[in-house]
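Report on the structure
Listed here are the chains, written in short residue letters.
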Amino acid sequence: MGLTKQYLRYVSSAVFGVIGSQKANIAYVTLRGGEKARHVAVAACEHVFIWDVRKGEKVLILKGIKHEVTYLCPAPDGNHIAVGYEDGAVRIFNLLSGESNVSFNGHKTAVTAMGYDALGARLVTGSRDTDVIVWDVINECGLFRLKGHKDSITQALFLENHNLLVTSSKDSFVKWWDLDTQHCFKTLVGHRSEVWGMVLLDQESRLLTGSADSELRAWDINYLSQEKDEGEPKEKKVKSLLDDDDEAEDEAMDESPDDRILSCKSAGSILREARDRVVSMTMDSKACILACHGNEAVLELFKVLSAKDVEKAMGRKQKKATKKAAKLREDTDQEVPEPVVQKTLGDEITRLTKIRASSKIRWVDSVWCTGGELKVALLLQNNTVETYSLKLSDHKATPRATPTPVATKTSRLTLAGHRTDARTLAFSSDNMAVLSASGDTVKVWNRSTLQVVRTMECDYALCSLFVPGDRQIILGTKSGKLQLFDLASGGLMENVAAHEGALWSLALSPDQRGIVTGGADKTVRFWDFELVKGEESEQKRLTVKHTRTLQLGEDVLCVKISPNQRLLAVALLDSTVKVFYMDTLKFFLSLYGHKLPVLCLDISHDSTLIITGSADRNVKIWGLDFGDCHRSLFAHDDSVMFLQFVPKTHLFFTAGKDKKIKQWDADKFVLIQTLEGHHREVWTLAVSPSGDYLVSSSHDKSLRLWDRTREPIILDEEREIEREAEFEESIAKEGEPVVPGETEGEVAPAAKKTVETVKAAERIMEALELYRSESRKLEEHKYACENAGKQLPLPNPNPILVAFGNVSPSRYVLDVIKKVRSSELEVSLLVLPFPYVPELLTLFNSYLQGNLEVELVCRCLFFLLRIHFGQITSNQMMLSVIDQLKGNTISKIREIRDVLGFNSAALQFLQRELESKEEVMFFADASGRLDEKRKKRRRRERVILTIV
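These numbers were taken from a predicted model, which means no experiment stands behind them.

**Considerations on the sheet that holds strand β31 (residues 433-437)**
Taken in spatial order, the four strands of this open sheet run β30-β31-β32-β33, and their pairing is antiparallel. Across the chains shown, the open sheet's two edge strands, defined by having one partner strand only, are β30 (424-427) and β33 (452-457). Mean inter-strand twist for the sheet, computed between neighbouring axes without regard to direction, equals 15°. Direction of pairing for β30 relative to β31: antiparallel, over a ladder of four bridges. The partner of L425 across the bridge, within β31, is S436.

Rendered as structure tokens:
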């Protein structure tokens, strides 16, 4: 059946207007070995934007797929960044290419915390689903899942020297995990409310936590295994071996099981100036400066003093106390004991300074630069990024010598976005300019480049339009004023008090000679454009002249003039739409049927249809001839905020508070397509005069541009795609597959069942079925040859094998397994039914004998043996296969280990040879020597300057 009506698809082409989303943190990154502290990474809905803070430009976009970004974590190597998403996925991007080759799926809900180890080989992630997962970045697979917390994870940190992990959560607990045995060995219960952040100080010997009060609590960490090895005398060790067993057992009973690895005791607390909860805490790379803030606009900085500086400060305190005691002894002629000054937490962590931002702070990051300069980046709650610089001299590190440093604001990213939500949008007549207005500014954007052309300050804007000619714009404000701006100069031309209440709606008359406005003062006012001479110059300027007023009984929410200039439609607060004759303003029709107020309406180009969108979530299509309701559509799951016809068609778009934009056919009353992309309520949209572009604004601070493509939409296929998407979501929400023999405990497999893992398992099953059928064909051919007594022609191979280059069936199975993502391999094999496993083990044996993908085969083999151990060992038919696998696996792994050892030894030998020949040190040694040379050169220069 042929297509009776063709619909064209709209696709998202760009996201702009958002500088940094509030859900995810801000992080300093280095691009291509460039300058430090020049680029910051921030989330922008589902994407990640890399900004050059010096130029104020966007230099790189790391594109996401669908879900919002919730956490950013740069890798130690500086070339990668891990991005956590709302659906629990984690993707690792390469900052050089901007592409993502590694992705992990393990969490069920949003990722709330991430951290790399020192080498960047392991990544720990915490989520709102209370689980903590450790991932192997190099092997691209999950190591294990740690369960124990009862609420969202707020922070996760590696303790590198002892292979431990510490996590904090909103359940008020801090847990310590042994990564060797994968269990929680200690729980810190010293907090009365949520633990919102924590940092490690003094080479992992102190923990600082921030909670819901104004205290930063410090905890001293003592590693008992190290203490016993270093501090216990040898005689005591020998004696303990000769002691009775009863005494040893008593000592073991006295020792708490939590304290066998480390002990964590309270070391006091530091008071913050802010009284609200800690929102975020961060340390610089040197662990010298602690940055902390609450819900206000003040960032507090604390300095962690080194051991030498603490000793000097304590020495000065001791001298001061001794002088005071001596003076007291002389004045009173009494014996005063020698004072002993006790070291407190305030002596080790001192208040440095505070930075007051222009708005409330949401996230912070800091980094050390050359010359003792600290750079601080702030992501504010009003869609702004600010950076500050503090000069900190290393040789003046003691509290006595250091003056309070003053933070200098170095940059502020504000131009590329509004401070508040954009509540009105408009297109110019040539489709090239887009107007967006918010609570304080109006911006005009170039549609092709998405760059800001003009930014002008205004009142709280509710509606807007381009004046014919596109040289001026008009805004309707919440205070009831009409504001006229000139785009050439960027100045306010006129400010007209149009209504006594909010001016909710503004419409251009079809003859383009005037406008009509509707406001909360229950009036509709008509205005004509006029050119008048300016007071200072003779050049004429545009103004508006009030001509007529229509008084109504309720607040006016929306007004529209029919294109034939015959009718005026007015939406009122009483949930009705009144239609009047344009020339006489006499009443014509009353459209009633909505249960809640009509928030938006539009009239078709031929003046035959009027559509109304209401807070009752319905859209009604009416005829303007008799006011009859053609159809009522349940359009959105929340209020319909805006709707508009595509020019010269009966297709229209609706925007709702359910985060969706939908396109409908007003003739056939069908849903054409749903545009999903916004992550908060959609406030408004605008369709270009050509109908090729659509721009929308949302509460997530973003503006989205949608382009009309040449791809046709077939409605039946669209409904089928929607049903498939729902089915895939239901698969992802199903329970995790149960591993035989494993009980519910603290540790679980890292990966989770997803649509991709199910599809991968299906592909493996299909490949095994093809292998079976081809093997059966070969057996039948062999049997036929024996019966015929001669060689018969081989049967035609499967077309799939021919498409892959005439590969053998066994090789095809291996290729299918290789194409499964490394992070999804285990779960795909777990979903695989057991009847396929014996055949797979036989194939693994042939792969090992042929020396094909030994590492991958061993990984799959060990996993299948672990989860199907009982069924495999009870099967007598598989004993010979298992015996062969045992021998082949051991021999092949030994070969690979020998090759790796040989190559490693050869590389070390070559390194030593090059160093001895060229007298060059590699890697860390070379950089260390370079720093020493620079320091010596600076000392020589200072000496020369002093002599001069």
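We are not done yet, so read on.
**Some details on the packing of aromatic side chains**
Applying the stated criterion across every chain yields a total of nine aromatic pairs. Ring centres 6.2 Å apart and planes at 75° place the aromatic pair F49 and W51 in the edge-to-face group. F49 gets classed as buried once you look at its relative accessible area, which sits at 1%. Judged by its relative accessible area of 3%, W51 is buried. Lying across the ring of F588, R566 places its NZ or CZ 5.8 Å from the centre.

**Thoughts on the nonpolar core**
Judged by nonpolar contacts, the single largest core of 40 residues is most densely connected at V813, I817, L829, L840, L841 and F844. Taken together, the elements giving at least two residues each to this core come down to α7 (755-788), α9 (809-818), α10 (825-831), α11 (837-849), α12 (854-867) and α14 (879-918). When residues in this core are grouped by element, the largest group, nine residues, is from α12. The next biggest cluster of nonpolar side chains, apart from the first, holds 19 residues, and it includes V15, A37, V40 and A44.

**Looking at the pattern of salt bridges**
Following the criterion strictly, the structure yields 34 salt bridges and no others. A salt bridge links R54 to E35; its shortest N-O distance comes to 2.6 Å. With R54 in the loop between β4 (47-52) and β5 (57-62) and E35 in the loop between β2 (27-29) and β3 (39-44), the pair connects residues that are 19 residues apart, well separated along the chain. Looking at R54, the relative accessible area reads 55%, which means it is exposed. Linking R859 and E826 is a salt bridge whose minimum nitrogen-to-oxygen distance equals 2.9 Å.

**What about the environment of Q884?**
Tracing the sequence through the fold places Q884 in helix α14. Setting aside residues up to four positions removed in sequence, Q884 forms contacts with N845 and Q849.

**As for the pairing of strand β50 (residues 640-645)**
Both β50 and strand β51 (residues 651-656) contribute to a ladder of five bridges, which runs antiparallel. Directly across from L643, in β51, lies its bridge partner T654. In this antiparallel pair of consecutive strands, β50 and β51, the connection spans five residues, and K648 shows a positive phi of 65°.

**Section: α7**
Because the α-helix completes a turn every 3.6 residues, residues three or four places apart line up on one side. Look at α7: 49 Å from first C-alpha to last across 34 residues, which is about the 50 Å you get at 1.5 Å a residue. Taken from the residues just after α7, G789 is the one with a positive phi, measuring 75°.

**Comments concerning the side chain of T70**
Checked against the element boundaries, T70 lands in strand β6 (residues 69-74). Taking relative accessible area as the criterion, T70 reaches 7% and is therefore assigned buried. Among the polar contacts listed, one links the side chain of T70 to the backbone oxygen of V111, at a separation of 2.6 Å. In contact with T70, not counting residues within four places along its chain, are K23, A24, G84, Y85, E86, A110 and V111.

**Description of α9**
Where burial is concerned, most of α9 is hidden: seven out of the 10 residues are buried. Looking at α9, one finds that the buried residues are P809, Y812, V813, L814, D815, V816 and I817.

**Quick look at the pairing of strand β22 (residues 280-283)**
Residue alternation in β22 divides its side chains into two sets, S280 and T282 and M281 and M283, and both sets are buried. Counting the residues that bridge the hairpin from β22 to strand β23 (residues 289-293) gives five residues, and of these A287 lies at a positive phi of roughly 55°.

**Regarding unusual backbone geometry**
Residues other than glycine seldom take positive phi values, yet K522 does so here, at roughly 65°. Within the element layout of this structure, K522 appears in the loop between β39 (514-519) and β40 (523-533). For F669, which is not glycine, the phi torsion reads 60° and is therefore positive.

**Regarding the environment of A27**
Relative to the assigned elements, A27 resides in strand β2. For the pair A27 and V42, spaced 15 residues apart in sequence, the C-alpha separation works out to 6.8 Å. Ignoring anything within four residues of it in the chain, the contact list for A27 reads H39, V40, A41, P74 and D365.

**Quick notes on the sheet that holds strand β56 (residues 703-713)**
Across the sheet, four strands lie side by side as β1-β56-β55-β54; this open sheet has antiparallel pairing. At either margin of the open sheet sits one strand with a lone partner, and together these are β1 (7-16) and β54 (682-687). For this sheet, the mean inter-axis angle between neighbouring strands, taken without regard to orientation, is 25°.

**What about the environment of K782?**
Along the chain, K782 falls in helix α7. On the basis of relative accessible area, K782 is assigned to the exposed category, the value being 56%. Note: C-alpha distance between K782 and L794 (12 residues apart in sequence) is 9.3 Å.

**A look at the packing of α12 against α14**
It is at 11 Å that the axes of α12 and α14 come closest, and there the two elements cross at 140°. When the axis of α12 is compared with that of α14, the two are oblique. Of the two elements, α12 crosses α14, and the hand of that crossing is left-handed. Contacts from V854, E855, C858, L861, F862 and L865 of α12 reach α14 at I882, L885, T889, K892, I893 and I896. A per-class count over the contact of α12 with α14 returns nine nonpolar, one polar and two charged.

Rules used in this analysis
Residues numbered from 1 in each chain as written. Predicted model: local features only at pLDDT ≥ 70, side-chain atom pairs only at ≥ 80, totals over all residues. Heavy atoms only, no water. Pairing = 2+ DSSP bridges. Helix = DSSP H or I, 4+ residues; strand = E, 2+ residues; numbered from the N terminus. Axes fitted to C-alpha atoms, helices over the stretch in contact; angles between N-to-C directions. Phe/Tyr/Trp six-rings, centres within 6.5 Å; stacked < 30°, edge-to-face > 60°. Buried < 20%, exposed > 50% of the residue type's maximum accessible area, 1.4 Å probe, protein only. Lys NZ or Arg CZ within 6 Å of the ring centre and 35° of its normal. Core = buried A, V, L, I, M, F, W, Y, C linked by side-chain atoms within 4.5 Å. Salt bridge = Lys/Arg side-chain N within 4 Å of Asp/Glu carboxyl O. Contact = heavy atoms within 4.5 Å. Expected span 1.5 Å × (residues − 1). Polar contact = N/O pair within 3.5 Å; in protein donor to acceptor, adjacent residues only side chain to side chain. Parallel < 35°, antiparallel > 145°, perpendicular 65-115°, else oblique. Left-handed = near helix turned anticlockwise from the far one by under 90°. Nonpolar A, V, L, I, M, F, W, Y, C, P; charged D, E, K, R; others polar.

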